[in-house]
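Chain residues, written in single-letter form:
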Amino acid sequence: MRESKATNESRVPRKETLLGFFGYVGFQVIFLSEAFNRCYASSIMKIALFSDTFLPQVNGIATSIAHFANELSSRGHEVMIVTPRSKGMGGRSLPENVKVIAVPSMPILLYPGFRISPLVSLIYGFFAIRSFKPDVVHFHTTLLSGWDAWILARLFGIPLIGTNHLYLTKQHDEYFAFLIKNPFLRRMFTRVCLFFHVGLLKVSDAHIVPSEMLKDSLLSSGYKGVITVLPNAIPLVRSTQSNDEHRRAIRERYGLKKHVVLHLGRLSAEKKVEDVLRAFSLLHSRVPDASMLIIGDGPDRIALQEKAKLMKCGVSIVFTGFIRPQELLESGMLSVGDAFITAS
């Protein structure tokens, strides 16, 4: 265990700590120039990631963390992910130097498929950090795992980085509309969540957001620190099956018409997929030879399928269910779309 009050001889020099941090940030962006990569090629690090969600859960945060971990691993870094245990987690193959600490968890009844590990995650995290001895602790969610990361980083004297994936502001309280219908109560609940959300970011040593919009939302919510915009990484996969013949085969397989509108993402209330269905209904009334291909899964999939069946354009709406990201990218399925739509 590292002591927080280390002697000058045992403490890592500030310059090396900063170089290590910026090296880590640089390695997350898969599409950075080779010159930048060479600059940090020798900074092999141990990185502890904390998140309330991870694969096989279907959401953007889990997918983003998986991409980061795989790329960091391919560059020689050791990665440890501390996250609540979920069904099917053991079935995922990860690189040898990516270790998942699956913490015993319990479900949140208000949000199907999501699980938390109150208190026990802090205990598991303590022994994991003590054994792994990371150079950096990095949290990706500001719920329980984020606060665990803060406590443990301070306890062991390790730099703490936070990434904010959640668009949450005082003005934008629709994120919890599926949970709280009363506007006043929803507004109050949003402000309480925002207080703890911003509070955790304020005690981090560095903060990352994937877009300028998220940066602006944080600044408008009272965050005064330095924010680094670092887009979510994507795997560089080139499909070998995106020719006209293959696209025609995909259209026939799913019964798609001349024009195809794509929707890709988690099928849950906060993603507002019902708005997507209504928008397509308006389009279909004017362009009857259009189809919609909805790729993804989530707790609302069955309800959305039932709703689609009741619509006049229902026969033109196709749900594929969950498709593994690598398979989706390699299949060339995304190339059949003429337009992409999202309401998230």
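Criteria and cut-off values
- Residues numbered from 1 in each chain as written.
- Predicted model: local features only at pLDDT ≥ 70, side-chain atom pairs only at ≥ 80, totals over all residues.
- Heavy atoms only, no water.
- Helix = DSSP H or I, 4+ residues; strand = E, 2+ residues; numbered from the N terminus.
- Contact = heavy atoms within 4.5 Å.
- Salt bridge = Lys/Arg side-chain N within 4 Å of Asp/Glu carboxyl O.
- Buried < 20%, exposed > 50% of the residue type's maximum accessible area, 1.4 Å probe, protein only.
- Axes fitted to C-alpha atoms, helices over the stretch in contact; angles between N-to-C directions.
- Parallel < 35°, antiparallel > 145°, perpendicular 65-115°, else oblique.
- Left-handed = near helix turned anticlockwise from the far one by under 90°.
- Nonpolar A, V, L, I, M, F, W, Y, C, P; charged D, E, K, R; others polar.

A description of the environment of L200 should follow, citing residues and the corresponding values.
Relative to the helices and strands, L200 is located in helix 6 (residues 183-202). For L200 and T141, which are 59 residues apart along the polypeptide, the C-alpha to C-alpha distance reads 9.9 Å. When residues no more than four places from it in sequence are discounted, the contact partners of L200 are F139, T141, T142, G146, W147 and W150.

Please set out the pattern of salt bridges residue by residue, giving values where relevant.
Inspection of every chain in the model, using the stated rule, returns seven salt bridges. For the salt bridge of E274 with R278, the shortest nitrogen-to-oxygen distance reads 3.8 Å. Here R278 and E274 lie together in helix 9 (residues 273-286), a separation of four residues that amounts to about one turn. When its relative accessible area of 35% is taken as the criterion, E274 is described as partly exposed.

Lay out the packing of helix 5 (residues 144-156) against helix 6 with the relevant residues and their values.
Packing of helix 5 against helix 6 brings their axes to within 11 Å, and their N-to-C directions diverge by 30 degrees. With respect to helix 6, the axis of helix 5 lies roughly parallel. Helix 5 and helix 6 meet at a crossing whose hand is left-handed. Judged by residue contacts, G146, W147 and W150 of helix 5 engage F196, G199 and L200 from helix 6. For the contact of helix 5 with helix 6, the residue count by class is four nonpolar, two polar and no charged.

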